[in-house]
Amino acid sequence: MNISLAQAEKAIAAAKQKATAMDTKMNIAIVDAGANLVAFGRMDGAWLGSVDISIKKAKTARFFDMNTGIIGELSQPGGSLFNIEHSNNGLITFPGGIPIKNTQGEIIGAIGVSGSSVENDHSVAEAGAVAI
């Protein structure tokens with residue numbers, strides 16, 4: 001199963017709504033089950049440097065089917081995934097990337113958000129992920 005463009009746009013709209021409510025500007029990327037970019041939104045004034053980060057967060061969440069913050073915890077020195085961020089042409093291992101599931105619980109894609117603190121990035125990503 002893959003996320004549809006309509007579902008991806010719904011996730012971006014929900015994430016943008018959450019970011020607006022938090023008074024922050026975000027870059028929001030949605031990838032499909034194959035980690036291919038399906039949709040992207042850059043809110044007016046969002047950091048240019050966060051474009052690539054949001055896409056990599058989405059891909060990282062899909063590559064490993066877990067929140068990027070969890071991967072970050074496991075990739076600390078001495079952790080089981082130490083240095084994993086250097087694989088796959090670069091991963092992002094801090095919060096803001098979340099797998100997206102359909103109503104049957106199957107992973108159909110992922111969302112990556114960047115543009116604020118990692119706590120805010122995660123909150124905005126979560127709003128988008130649950131909107132499907």
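Just above sits the structure.
Residues numbered from 1 in each chain as written. Predicted model: local features only at pLDDT ≥ 70, side-chain atom pairs only at ≥ 80, totals over all residues. Heavy atoms only, no water.

### Digging into unusual backbone geometry
At Asn83, a residue that is not glycine, the phi angle is positive and equals roughly 75°. Take Asn83: it is sitting in the loop between helix H3 (68-74) and strand E3 (97-101). Despite not being glycine, Asn89 shows a phi value in the positive range, around 60°. Here Asn89 is to be found in the loop between H3 and E3. (Helix = DSSP H or I, 4+ residues; strand = E, 2+ residues; numbered from the N terminus.)

### A few points about the pairing of strand E2 (residues 37-42)
Every other side chain in a regular strand lies on the same face of the sheet, so the side chains alternate between the two faces. Pairing of strand E1 (residues 27-32) with E2 involves five bridges; the strand directions are antiparallel. Its bridge partner being in E2, Ile28 is matched across the sheet by Gly41. From the end of E1 to the start of E2, which pair antiparallel, there are four residues, and Ala35 there has a positive phi angle of about 70°. (Pairing = 2+ DSSP bridges.)

### Regarding the pattern of salt bridges
Throughout the structure, instances matching the rule amount to three salt bridges. Measuring nitrogen to oxygen at the nearest pair gives 3.3 Å for the salt bridge that ties Asp52 to Lys56. With Asp52 and Lys56 both in helix H2 (residues 50-64) and four residues apart, this pair spans about one turn of that helix. Overall, the relative accessible area of 23% leaves Lys56 in the partly exposed class. Put simply, Lys57 and Asp121 hold a salt bridge, and the shortest N to O gap is 2.9 Å. (Salt bridge = Lys/Arg side-chain N within 4 Å of Asp/Glu carboxyl O. Buried < 20%, exposed > 50% of the residue type's maximum accessible area, 1.4 Å probe, protein only.)

### Things to note about the sheet that holds E2
Across the sheet, four strands lie side by side as E2-E1-E4-E3; this open sheet has antiparallel pairing. Looking along the sheet, the strands with just one partner apiece sit at the ends: E2 and E3. Adjacent strand axes in the sheet meet at a mean angle of 20° when their direction is disregarded. Lying on the sheet, H2 is in contact with E1, E2, E3 and strand E4 (107-114); it crosses E4 at an angle near 150°. Lying on the sheet, helix H4 (residues 118-129) is in contact with E3 and E4; it crosses E4 at an angle near 150°. (Axes fitted to C-alpha atoms, helices over the stretch in contact; angles between N-to-C directions. Contact = heavy atoms within 4.5 Å.)

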